Every structure is written in C-alpha cells, then in structure tokens.
Amino acid sequence: MAPSAIRCGTLFDGTGAAPVRDAVLVVDGGRVVAAGSAATTRIPAGAELIDLRDRFVMPGLVDAHSHISIVPGLGDQMGQLRQPPVPQALRATANLRRDLYAGTTTMRVMAEENFLDLDVREAIDAGVIPGPRLLCATRAMTASNGHGRAHASFDGVDEIRRGVRENFQRGADHVKIFATGGVASSGTTLRACVYTREEIRAAVEEAERVGKYAAAHAHGGPGLSMSVEEGVATIEHGALAADDDIALMKERGVWLVCTFAILLHPHGIEQGDGRNPAIMEKMRWARRVVDENFPRHLATGIRIALGTDSVHGQMAFEMETLVRLGVPAKDALLAATRWGAEACRVDAEIGTLTPGKCADLIAVDGDPLKDITAMRSIRLVMKNGVIQGRDEQ
Ligand SMILES: [Zn+2]
C-alpha cells in the first residue's frame, strides 16, 4: 500500500503538546512515520492525499473497560453472558461496529464467557467483521457467590492459579478479578468482598510472573483497598472509593478506570434493569456518591482512564462526564487516548500520533477542546493506517 499523507485542520497528537494547526501526518505500513506542521513536514512522492483540513485529528480512542457481548439495554447482563455463544457473537458483532465507528480503535475486554473475546478478536484481525483491536481478559476470576458470575467461577488459591494460567495459555492479555459486588446483579452489595486477600494475591502473582497484570472490579470497601495493597494495576469503577483509597492508589501508581455511562447514561443499567428495585436502588446510591465524590477524587491528579462498560459507542459520554466533573477538556482527551493506552500497557504501540506508533486516528467535526460534545461527531476512523468502513459504511 502506498503511503498516505493526511492534511489535518488541527492535530492533537496525544503527547500533551499544544495542538498544531494545519498539520500533516504521514502514514506508511500502518504506522505513523511523520507528524508536524504542514510547512515543515515532507510529503513522500506518490502518497495518497487525505484531506481533513476541516477536521480535528486525534489518536483513536481507547475504551479501557467494556464487554463485547453485552447490551445493557436488554437487561439481565449476567443472563446475557449465560446464553450460548451464537447470540452473544451476534450481539458482539453489532456492538463492536458501533464502538469502532464512534471512534474506539482499541478496547480492553473485561470478561466474557466461552473465550468469546478471543474468537471475535480473530474475526476482526482476519477482516471478517469490523471492530477495534481487542485486549482480552477471557474468563473473569469471580467467586461462586461473587458479582460477575455467569458460568465460570474460581474459589480458593489453587483454582485461581489454574484459571489464570489457563486463560493465559488460551491467549488472554490480562486478568480481571471481581473484588467487590456490583450494581448490575441482585444479591451482591457494592462494598462486600467475597475473595480473601490470598486469592487476590494469587491472581496478581500468576499475572506478574508471566509479565502481565491484574485488574480488579472494585467499588469500595476492603475489596478495593486489599486489591491495591496486593498489587492490581487498575481499579475498575471505584464508584464508592473513599479519599483514603484514592490516596493509596495514587501512592502505588494504580489506575482508576472510570465507567460513567453504565451508571449515568439512559442506555446504561437504567434502560435494561429499570424495573428491578434492588438494582435501581444501588444505582441511585452510586450516582449520588459519584456526583459528590468524583470532582474531589479527580482533582487529586490520580491516574485515570475511561471505559464504557458495554454502553457501546459512548466514549463521548465518558469524556463529557469527566468535563462535567471538573476535568479540563484536554485531560479528558488524554484519558481517552494516551492514558488509556498506558493503563492497558499498550502505550508502546498506540495512544499518541508520533512516529513509530500504529496509525490509529479519528477525525472530529468541531473542536473538542472548546466543546467536548464535538466528540459525538466522529467523521473518519483509521485503524492500522486503514480507513474503516470506507467501502461499507
Ligand atoms: Zn464491566
């Protein structure tokens, strides 16, 4: 494929540098080879010219927490995970198309049954279906009576060691552990922790021994603090995190992966489980606490990334919520790109538009630094140097 030269109205490269007006980005072999001002960046002979002079160009979005097969609006998320693989794969196909065209070029999958995420990843990589690049957890580590349990469950240190090892043998990228209860299941409470310290530690050890890491679903209470103490790299949700928890996470360099849409967006839990009083009560409580505590937590400078948690195509909502809670727009853009890549440990490959990185980028209509709602208007998505959906969208 010939190199391409993309003329950008504004280039936000994700490094934290000031955006460049009238820029050129040169892509070759699926990678960025040059980026800078149009006045000084050389366009190679024979390059395909892509005119985005009326667009704001930035790195593709990193959705750091989602599930490919779940549609929250259908309700009973655990029930969806218990279905046979075919209906799950069909939902995943529609979900991932939506995610991709809304700007998500990388997604960290935070648990599926039947190793579904590995098969779907293969289908995307083979060009069978469109979708983001996937980082896969495969089966989550959850206790028999824990949140997030669909089929698989792992009790005791030995089962966890075996489960994690088997996940990695099959091709998982990281470990997901359910350290506390969650909103979208009845019968678990948000602060309760089923796993023991030893079980959490076993998951972390098994991951680290092979150069990977563990991520913990934790809203608050001892499950959250124990997970941080035992070395997980990311805390998912953290809706009820206390000031002490945030301070400890900051001290240990643990990422907080914020998932606002599932809790706050009308297409989140509310749409599917609006008639389940146990779930709705937890949801309303969590909403109040998030609105009250997150402006303070986010202002501490804790490292953050963003995840839609199955509210597919809604990274824009995640970013809008950050801004509403007091985060500068520039940091919201970084949380959705470079910081997400760092949290998912793929920042050597993606997250910024700098020479050597994969050419994953999006073109936005408007200036999201001035009005973050511009992120709803994605006009072009490129993954690995290929414009997505050019022939079929
Ligand atoms: Zn999740």
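Residues numbered from 1 in each chain as written. Predicted model: local features only at pLDDT ≥ 70, side-chain atom pairs only at ≥ 80, totals over all residues. Heavy atoms only, no water.

S.K.: I'm lost on the nonpolar core in this one. Help?
M.R.: Most often, soluble globular proteins have nonpolar side chains that are buried together. Within the largest apolar cluster, 98 residues are counted, with the highest numbers of intra-cluster contacts made by Ile 235, Phe 260 and Met 375. Of all the elements, helix α10 (residues 277-299) adds the most residues to this core, at 8 residues. Looking at which domains feed residues into this core, each of domain 1 (4-59 + 352-387) and domain 2 (61-343) gives three or more. Those residues in contact with Phe 260 that sit more than four places away from it in its chain are His 265, Val 290, Phe 294, Leu 306, Gly 307, Phe 317, Glu 318, Thr 321, Leu 322 and Leu 325. Leu 11, Val 27, Ala 359 and Ile 387 belong to the second largest nonpolar core, which has 17 residues in total. (Core = buried A, V, L, I, M, F, W, Y, C linked by side-chain atoms within 4.5 Å. Buried < 20%, exposed > 50% of the residue type's maximum accessible area, 1.4 Å probe, protein only. Helix = DSSP H or I, 4+ residues; strand = E, 2+ residues; numbered from the N terminus. Domains from an automatic or database assignment. Contact = heavy atoms within 4.5 Å.)

S.K.: When you look at the domain arrangement of the protein in this model, what are you seeing that I'm missing?
M.R.: A common measure of how large an interface is: the accessible area buried when the components associate. Here the domain parsing of the protein yields domain 1 (4-59 + 352-387) and domain 2 (61-343). At the junction of the two partners, domain 1 supplies 22 residues and domain 2 supplies 22 residues. A combined buried area of about 1,700 Å² lies between domain 1 and domain 2, and 68% of that area is made up of carbon and sulfur atoms. Counting every contact that joins domain 1 to domain 2 gives 2 salt bridges. A salt bridge links Asp 360 to Arg 133; its shortest N-O distance comes to 2.9 Å. Where domain 1 meets domain 2, there are 7 residue pairs in polar contact (both at pLDDT 80 or more). (Buried area = accessible area lost by both parts, 1.4 Å probe. Salt bridge = Lys/Arg side-chain N within 4 Å of Asp/Glu carboxyl O. Polar contact = N/O pair within 3.5 Å; in protein donor to acceptor, adjacent residues only side chain to side chain.)

S.K.: Where do I start with the packing of helix α6 (residues 221-229) against helix α7 (residues 243-252) in this structure?
M.R.: Each pair of packed helices can be described by the angle between their axes along with the distance between the axes. Remark: α6 packs on α7, axes separated minimally by 10 Å, with the N-to-C direction vectors making an angle of 15 degrees. Taken together, the axes of α6 and α7 lie roughly parallel to each other. The crossing of α6 and α7 is left-handed. Each of Gly 221, Leu 224, Ser 225, Val 228 and Glu 229 in α6 lies in contact with α7, whose residues at this interface are Asp 245, Leu 248, Met 249 and Arg 252. Here the contact of α6 with α7 is built from residues that sort into 4 nonpolar, 2 polar and 3 charged. (Axes fitted to C-alpha atoms, helices over the stretch in contact; angles between N-to-C directions. Parallel < 35°, antiparallel > 145°, perpendicular 65-115°, else oblique. Left-handed = near helix turned anticlockwise from the far one by under 90°. Nonpolar A, V, L, I, M, F, W, Y, C, P; charged D, E, K, R; others polar.)

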